[in-house]
Amino acid sequence: MHYPPEPFRIKVTEPIRLISSDEREAKLINAGYNLFLMNADDIFIDLLTDSGTGAMSQEQWAAIMRGDESYAGARSFHRLKAAVDDIFGFKYFVPTHQGRAAENILSAVLVKPGQYIPSNMHFDTTDANIRARGGRPANLVIDEAFDPDHPHPFKGNMDLSKLRAFIEKIGPANIPFGMITVTNNAGGGQPISMENLKAVAEVYHANGIPFFIDAARYAENCFFIKKRERGYENKAVKEIAREMFTLADGMTMSAKKDAIVNIGGLLCLNDETLFQHIKNELILREGFPTYGGLAGRDLDAMAVGLYEGLDESYLAYRLGQTAYLACELNKACIPTIQPTGGHGVYINAGEIFPHIPNYEFPAQALAVELYREGGIRGVEIGSVMFACLDPDTGIWHYPKLELLRLAIPRRTYTQSHMDYVADTLAKIKCRAQSIRGYKFTYAPELLRHFTARFEPL
């Protein structure tokens, strides 16, 4: 395969260091074997998340110097508004400090206890914000999403038959809004086709259900549409994005992904009455509607980053770097979700450790070993993150896949870093049979992966 070179050159560097093996072992014990609880200085290559961890451009840093810190009606807000209006086309929006704040506000305003919110697959904070309001998230992705080797080009698609049956069973009155996540983070960073988005919108609207897009990685999704869906090969990514958002009634977005900023989010919509309720909630939780929990400089950086995230040379490099890492892992017979998604490589830890059952957390075991072996931090996306207790039956439900996500920060690491990651995982695979699982020593009810502690079995 051909992987395009970086469409930038490096102007500023940040030192990183690989601490000794004995030090790494001590750090693991001190953190309760939870990589979230480790100090960044003790990490060599950090692939925990691509959220807010990328490198901003010279234009974004210049925009920060133009930040207007007026409490209300700042110039920075109006520059952001111009970008949001141009790219997304919704009638109304508010800035938030990050995506989960937008989810929290939307859930606070619309979700009542016992109601259901369908999606292809909700990611962790969306799922938790719905549950925190007494709602019940439902995942209705196509079955191919659970086959790691299936070559389907749009494995993030919603299963339309499942969606129609779900709405008929639950009733539209019990569904305050429906969602779809682009790209599908919980299922391997897999994209959703425009054809599927149109069909999902039609089903929601035919039943009077407002349709919201979780748009954290919308630009990557649009680039996949350009590359994989017939009829879009000659369209600009920005044009594809506008078509996508005309289908929806609103969107939530963590700008820490495809707007390439360190902090920020958006909540956009078309309904004026709902917008008034959202502004009231925003003022209570985040701040005035023209700053939404952010400094003016952050608003300006976001306004620039929204356009940079749509640059097609950048997107070709971005997806190419991810594909390169997946290819190097596959050469070492390390199984990954196929085809490669956008923002990260998802390793099938359940296949590497078939002797570790899901209730002993095989992907968490792989995350620990990756740090132990090479000082690399990834994140478990499996039974630690998504196993849940059914409130009606008292039965634990486990996800179908046990994945370790290696999320690649934007414009941050080089090809040699990716080679080091692949070499480290190859060493772990050679001793896979000797590795054992983990158990909780502490776990909160919601979002337990952030603060849980473990001990080895």
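The following paragraphs examine the structure supplied in this document. Remember, predicted model here, so these are calculated numbers, not experimental data. (Residues numbered from 1 in each chain as written. Predicted model: local features only at pLDDT ≥ 70, side-chain atom pairs only at ≥ 80, totals over all residues. Heavy atoms only, no water.)

Some remarks on the pattern of salt bridges
Move 1: Tallied over the full model, the rule gives 27 salt bridges.
Move 2: Among the ionic pairs, R372 bridges to E25, the shortest N-O distance being 2.8 Å. One end of the pair, R372, is in helix α14 (residues 362–374); the other, E25, is in helix α1 (residues 21–30), with 347 residues separating them in the sequence.
Move 3: Close ionic contact of R431 with E369 constitutes a salt bridge, the shortest N to O distance being 2.8 Å. Pair noted here: R431 is in the loop between α16 (415–430) and β15 (438–442) and E369 is in helix α14, with a separation of 62 residues, a long-range link. (Salt bridge = Lys/Arg side-chain N within 4 Å of Asp/Glu carboxyl O. Helix = DSSP H or I, 4+ residues; strand = E, 2+ residues; numbered from the N terminus.)

Thoughts on the pairing of strand β7 (residues 250–254)
Move 1: For β7, the tally of buried residues reaches 5 of 5 residues, placing the bulk of the element in the interior.
Move 2: The side-chain alternation of β7 yields two buried faces, one formed by G250, T252 and S254 and the other by M251 and M253.
Move 3: Here 3 bridges tie strand β6 (residues 211–214) to β7, and the two strands are oriented parallel to one another. Directly across from D214, in β7, lies its bridge partner T252. (Buried < 20%, exposed > 50% of the residue type's maximum accessible area, 1.4 Å probe, protein only. Pairing = 2+ DSSP bridges.)

Section: the packing of helix α8 (residues 218–228) against helix α12 (residues 312–331)
Move 1: At a minimum axis separation of 10 Å, α8 and α12 run at an interaxial angle of 90°. Taken together, the axes of α8 and α12 lie roughly perpendicular to each other. Contacts from A219, E220, F223, F224 and K226 of α8 reach α12 at E312, L315, A316, R318 and L319.
Move 2: Residue classes in the contact of α8 with α12 are distributed as 6 nonpolar, no polar and 4 charged. (Axes fitted to C-alpha atoms, helices over the stretch in contact; angles between N-to-C directions. Parallel < 35°, antiparallel > 145°, perpendicular 65-115°, else oblique. Contact = heavy atoms within 4.5 Å. Nonpolar A, V, L, I, M, F, W, Y, C, P; charged D, E, K, R; others polar.)

What to know about the nonpolar core
Move 1: Formed by 65 residues in total, the largest nonpolar core has its most connected members in F88, Y218 and L306.
Move 2: Excluding residues that lie within four positions of it along the chain, F88 makes contacts with Y218, R242, F245, M251, M253, L266 and L306.
Move 3: Among the nonpolar cores identified, the runner-up in size contains 45 residues, and Y33, L325, A326 and V368 belong to it. (Core = buried A, V, L, I, M, F, W, Y, C linked by side-chain atoms within 4.5 Å.)

Notes on the packing of aromatic side chains
Move 1: Per the counting criterion, the structure on display carries 21 aromatic pairs.
Move 2: With centroids separated by 5.0 Å and ring planes inclined at 85°, the aromatic side chains of F88 and F245 adopt a geometry described as edge-to-face. Taken as a pair, F88 in the loop between α3 (75–87) and β2 (92–96) and F245 in helix α9 (residues 237–246) lie far apart in primary sequence, 157 residues in all.
Move 3: When its relative accessible area of 1% is taken as the criterion, F88 is described as buried.
Move 4: Residues F177 and F212 carry aromatic rings whose centres are separated by 5.7 Å and whose planes lie at 70° to one another, so their mutual orientation is edge-to-face. With F177 in the loop between α6 (160–170) and β5 (178–181) and F212 in strand β6, this pair connects stretches of sequence that are 35 residues apart.
Move 5: Note on F177: relative accessible area 1%, which makes it buried.
Move 6: Ring pairing ties together the aromatic residues F88, F90, Y218 and F245, which thus form one cluster.
Move 7: K400 extends its terminal NZ or CZ atom over the ring of F146, reaching a point 4.5 Å from the ring centre.
Move 8: Above the plane of the ring of Y314 lies R411, whose end atom (NZ or CZ) is 6.0 Å from the centre. (Phe/Tyr/Trp six-rings, centres within 6.5 Å; stacked < 30°, edge-to-face > 60°. Lys NZ or Arg CZ within 6 Å of the ring centre and 35° of its normal.)

Some points on the environment of K235
Move 1: As for its position among the elements, K235 is in the loop between α8 and α9.
Move 2: Taking the C-alpha atoms as reference points, K235 and F223, separated by 12 residues in sequence, lie 9.9 Å from one another.
Move 3: When neighbours within four sequence positions are excluded, K235 is seen to be in contact with K226, I240, E243 and E312.
Move 4: Here the side chain of K235 touches E243 through a polar contact of 3.5 Å, side chain to side chain. (Polar contact = N/O pair within 3.5 Å; in protein donor to acceptor, adjacent residues only side chain to side chain.)

Some details on unusual backbone geometry
Negative phi is the rule for most residues except glycine; trans is the rule for most peptide bonds.
Move 1: V182 connects to T183 through a cis peptide bond whose omega is -15°.
Move 2: Along the chain, the position of T183 falls in the loop between β5 and α7 (194–206).
Move 3: Here the bond from Q338 into P339 is cis, since omega is -10°, no more than 30 degrees from zero.
Move 4: For I260, which is not glycine, the phi dihedral falls at a positive 55°.
Move 5: By relative accessible area, I260 is classed as buried at 2%.
Move 6: Look at C333: it is not a glycine, yet its phi comes out positive at around 65°.
Move 7: Relative to the assigned elements, C333 resides in the loop between α12 and β9 (344–348).

A short note on the environment of L325
Move 1: With respect to the helices, strands and loops of the structure, L325 is situated in helix α12.
Move 2: On the basis of relative accessibility, which here comes to 0%, the residue L325 falls in the buried class.
Move 3: The spatial distance from the C-alpha of L325 to the C-alpha of F454 is 29 Å, given a sequence separation of 129 residues.

A look at the pairing of strand β8 (residues 265–269)
Move 1: With 5 of its 5 residues buried, β8 lies for the most part within the structure.
Move 2: Here β8 shows no split at all, with G265, L267 and L269 on one side and L266 and C268 on the other all buried.
Move 3: Where β2 lies against β8, 5 bridges are found, and the strand directions are antiparallel. Within β8, the position partnered with F93 by the bridge is C268.

Some words on the sheet that holds β8
Move 1: Taken in spatial order, the 5 strands of this open sheet run β2-β8-β7-β6-β5, and their pairing is mixed. Unpaired on one side and paired on the other, β2 and β5 mark the two borders of the sheet. Going across the sheet, the axis of each strand differs from the next one's by a mean of 15°, ignoring polarity.
Move 2: In this structure, β5 lies alongside β6, joined through 4 bridges in parallel fashion. When the bridges of β6 are listed, I180 appears paired with I213.

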